[in-house]
Each structure stands twice: as C-alpha cells, then as structure tokens.
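Summary of the model geometry
Spelled out from the first residue to the last, the chains are:
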Amino acid sequence: MDAIGFVGLGTMGRPMARRLLAAGHRVVVWNRSRPAVDALREEGAEAAADLAEVFAQPTVISVLPDDATVRSLVLDGGVLKDAGCRVHVNMATVSAGFATEAAQRHAQHGVGYVAAPVLGRAEVAAAGKLNVLTAGAPEALAPARPALAPLAGRIWELGDDPARANVVKIAVNFLLASAIETTAEATSLVESYGVDAAAFVELISSTLFPGPVYSTYGGLMAERRYEPAGFTTRLGLKDVDLALSAAHHRDVALPTGSVVRDALLEALAAGWSDRDWATLADIARRRAGC
C-alpha cells in the first residue's frame, strides 16, 4: 500500500491514524505537539521531521481545527511548493470560501485537493464508521478513496467543487446545534416541574426522536457530563458562525442560527469553552433558575 502522510493527532486524528495503521498502511505522522506523535510511533507510525516530509508522501490527510490553522500550516507554510504528494485530503470543517481558495492554491502547485469533513465523534472514528463527505476533482478523488476506506462506514461523493462537502458539513452541524439547543431548553422545562431528565431523554429518544443525536446528547445533559468533550463548545460556535457566514453570502436567512450562537457565546462567557457543547443544557438551566 502507498504511504499516507497524516497531519493532526487530536481527538479525531488519533483514532483515524490508528485505523490506517490497522489496515496495513505505512503512516507518516506530524503534529504540533510531540507527545501525540510519540504515542503513535509506539503503535507503528513513523514520525516526520517536518511537514515537508509529510507532504512528500503520495497521499496526505490532515485533520486540523479551522481555516486559520490550515492556512498557516499548509497554504502559507511553504509545503505545497515542493510537495511530492498526488492529493491532499483536508478533513477539517472549513468555510466554503476557504475550500475554494485551498483548491485553487493546491492546483497552482500540481497537488490534488479533496475536501472530506466527517460526521461522527471520536468513538465512531475508532470503529471506522464515519460518514465521510467528499468533494473534489475525479482525478483527486481516485487516489484518496483507498486512504479514506478504512475510516468510513460510508463515503458520500458530493461533486467536483470542494466547497460542497464543507457546506454540507456546516449545514449538518447547524442542524445538530439547533437540536442540542432545543433539547437543552426542553430538558430545563421538564426539570422545572420535577421530571427526571434521564427519564425524559429515554422517552424522546425511544419514541418520536430515535437516533444518536437525542440519545447521546440528551444523555450527557441528563448526567451533566460534559468532559472530556467529544466536540467542544468553542468548536460548536465556530461551526454555527460558518453556517451564518455561508448563509449571508447567498442571502439565505437562518434565524435559528442567531439564537444558537447567543447560547454558545453565553457558554463561553461562563468559562465552558472546552466542555462538550451539550453544556448548553446548563445554560438553559441557568436561564430557568434551575
């Protein structure tokens, strides 16, 4: 199998890299902090001396947090100029405008670019069951598929414009943020009448709203268990801001987005930026005086 360069060994990146190792790939890893690299070396990965070594591999996957990080490390970091890779698979949730710019900058250096944000938390990544949203030119997608296969329960191909994959991910996260906010508000309502939150969550998730969103996040709310975070409040705010920005550029109204954004800002103001974004339940409780 071709070697895979891997950048970003955070909450999602670590289990993804492990899946690639388990599938038999040679994986060359780089991370801004060294301990994560050392841990993967013990599991069979190779440590890159720098990003240039990563981008010398045929396929590169990066799992980074936002536009600014991808820009500083990849677009403006000089690695594309002498890159030997055929394709860079960017799994970050970035803005639609940035996705378009990134594709253009990669093309200038003869490097294929695929946007591939994912749906699923860290435990889903560890099981290789992520839903991977991909978009990019066919000649870039072809070499990316073997690298994505060990990570995915399903790969969704959304066309040749990388921005599409990111807009779909942003829209999904907007739906998720809205569901978390309404669940938080509903939970605070029933608790104010003495109803047990866990019983309420069991009711809604086994009747009208089955599925992982209400059962997972409702369970975290009922237990008030927000750490360690599967997805932080700060990242949730970033994604809601991305949805509002994307909507603004197309003159699309997202009135619910402003409500959710205010709740997330309130959570950050409370010092809860690193909690799971299910902590919106505690914001709703505070408003209700619970």
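See the structure shown above.
Small disclaimer: the values here were computed from a predicted structure and weren't measured.

Looking only at helices and strands, one finds 13 helices and nine strands in the protein. Relative to a compact globule of 290 residues, whose C-alpha radius of gyration would be 19 Å, the protein shows 20 Å and is just as compact. Dimensions along the principal axes, computed over C-alpha positions, put the protein at roughly 65 × 45 × 35 Å. Classification of the 290 residues of the protein by burial places 50% in the buried group. Here the analysis covers contacts within the protein between residues at least 6 apart in sequence; of these, 66% occur between residues at least 24 apart. For the protein, the exposed area adds up to about 13000 Å²; of that, 54% sits on carbon and sulfur atoms. When the 27 basic and 32 acidic side-chain charges of the protein are each reduced to a single mean position, those positions are 2 Å apart.

Once that is clear, we can look at helix 11 (residues 233–249). Taking 1.5 Å of rise per residue, 17 residues should cover 24 Å, and helix 11 covers 25 Å from first to last C-alpha, within 8% of that figure. Those residues of helix 11 that sit buried are Thr233, Gly236, Leu237, Lys238, Asp239, Val240, Leu242, Ala243 and Ala247. Residues of helix 11 that are buried in the fold lie against helix 8 (162–192) and helix 12 (255–269).

With that out of the way, let us pick up the packing of helix 11 against helix 12. Running from N to C, helix 11 and helix 12 point in directions that differ by 155°, and their axes come no closer than 9 Å. On the basis of their axis angle, the class for helix 11 and helix 12 is roughly antiparallel. By crossing handedness, the relation of helix 11 to helix 12 is classed as left-handed. For the pair helix 11 and helix 12, the contacting residues are Thr233, Arg234, Gly236, Leu237, Val240, Asp241 and Leu244 in the first and Gly257, Ser258, Val260, Arg261, Leu264, Leu265, Ala267 and Leu268 in the second. In the contact of helix 11 with helix 12, the residues fall into eight nonpolar, four polar and three charged.

With that settled, the discussion passes to the pattern of salt bridges. Enumeration according to the criterion identifies 18 salt bridges in this entry. Among the ionic pairs, Glu191 bridges to Arg285, the shortest N-O distance being 2.7 Å. One end of the pair, Glu191, is in helix 8; the other, Arg285, is in helix 13 (residues 280–288), and 94 residues separate them in sequence. In this pair, the class of Glu191 matches that of Arg285, namely buried. The closest approach of N and O atoms between Asp282 and Arg285, which form a salt bridge, is 2.7 Å. Of this pair, Asp282 and Arg285 both sit in helix 13, three residues apart, roughly one helical turn. Both residues of the pair, Asp282 and Arg285, count as buried. The network of salt bridges with shared partners includes Arg71, Asp76, Glu101 and Arg105.

Take the environment of Ala99 next. Examined against the element boundaries, Ala99 turns out to sit in helix 5 (residues 96–108). For the pair Ala99 and Met16, spaced 83 residues apart in sequence, the C-alpha to C-alpha distance is 22 Å. Residues contacting Ala99, with those up to four places away along its chain left out, are Val94, Tyr113, Pro162, Ala163 and Asn166.

Now for the pairing of strand 1 (residues 4–7). Here strand 1 shows two buried faces, one formed by Ile4 and Phe6 and the other by Gly5 and Val7. Of the strand pairs in this sheet, strand 1 and strand 2 (residues 27–30) are connected by four bridges, and their pairing is parallel. If you follow Val7 over to strand 2, its bridge partner there is Trp30. Handedness of the crossover is the feature at issue here: the chain leaves strand 1, passes through helix 1 (residues 13–22), returns alongside strand 2, and the resulting connection is right-handed.

Attention now goes to the nonpolar core. Counting residues in each nonpolar core, the largest one holds 33 residues, and the members touching the most others are Phe6, Met16, Ile61, Val89 and Met91. Mapped onto this core, the elements with two or more residues apiece are strand 1, helix 1, strand 2, helix 2 (34–41), strand 5 (87–90), helix 6 (122–126), strand 8 (130–136) and helix 7 (138–148). Each residue touching Val89, except ones within four places of it in the same chain, is listed here: Thr59, Val60, Ile61, Ser62, Val114, Ala116, Ala144 and Leu148. One finds Ala48, Val70, Ala83 and Ala92 within the second-largest nonpolar core, a separate group that totals 29 residues.

Okay, the packing of aromatic side chains next. Inspection of every chain in the model, using the stated rule, returns three aromatic pairs. Through successive ring pairs, a cluster of aromatic residues spans Tyr217, Phe231 and Trp277. Stacked on the ring of Trp156, the Lys or Arg Arg154 has its end atom at 3.5 Å from the ring centre.

Let us now look at the packing of helix 8 against helix 11. The relative placement of two packed helices is expressed as an angle between their axes plus a distance between the axes. At a minimum axis distance of 9 Å, the contact between helix 8 and helix 11 shows a crossing angle of 120°. Taken together, helix 8 and helix 11 sit at an angle that is classed as oblique. Both helix 8 and helix 11 take part in a crossing whose hand is left-handed. For the pair helix 8 and helix 11, contact is made by Ile170, Asn173, Phe174 and Ala177 and by Asp239, Val240, Leu242 and Ala243, respectively. Residue composition of the contact of helix 8 with helix 11, grouped by class: six nonpolar, one polar and one charged.

Cut-off values and rules
- Residues numbered from 1 in each chain as written.
- Predicted model: local features only at pLDDT ≥ 70, side-chain atom pairs only at ≥ 80, totals over all residues.
- Heavy atoms only, no water.
- Helix = DSSP H or I, 4+ residues; strand = E, 2+ residues; numbered from the N terminus.
- Rg over C-alpha atoms; globule rule 2.2 N^0.38 Å.
- Buried < 20%, exposed > 50% of the residue type's maximum accessible area, 1.4 Å probe, protein only.
- Contact = heavy atoms within 4.5 Å.
- Areas by Shrake-Rupley, 256 points an atom, 1.4 Å probe, with all protein chains shown as cover.
- Lys, Arg positive; Asp, Glu negative; His and termini not counted.
- Charge placed at Lys NZ, Arg CZ, Asp CG, Glu CD.
- Expected span 1.5 Å × (residues − 1).
- Axes fitted to C-alpha atoms, helices over the stretch in contact; angles between N-to-C directions.
- Parallel < 35°, antiparallel > 145°, perpendicular 65-115°, else oblique.
- Left-handed = near helix turned anticlockwise from the far one by under 90°.
- Nonpolar A, V, L, I, M, F, W, Y, C, P; charged D, E, K, R; others polar.
- Salt bridge = Lys/Arg side-chain N within 4 Å of Asp/Glu carboxyl O.
- Pairing = 2+ DSSP bridges.
- Right-handed = clockwise from strand over helix to strand, strands pointing away.
- Core = buried A, V, L, I, M, F, W, Y, C linked by side-chain atoms within 4.5 Å.
- Phe/Tyr/Trp six-rings, centres within 6.5 Å; stacked < 30°, edge-to-face > 60°.
- Lys NZ or Arg CZ within 6 Å of the ring centre and 35° of its normal.

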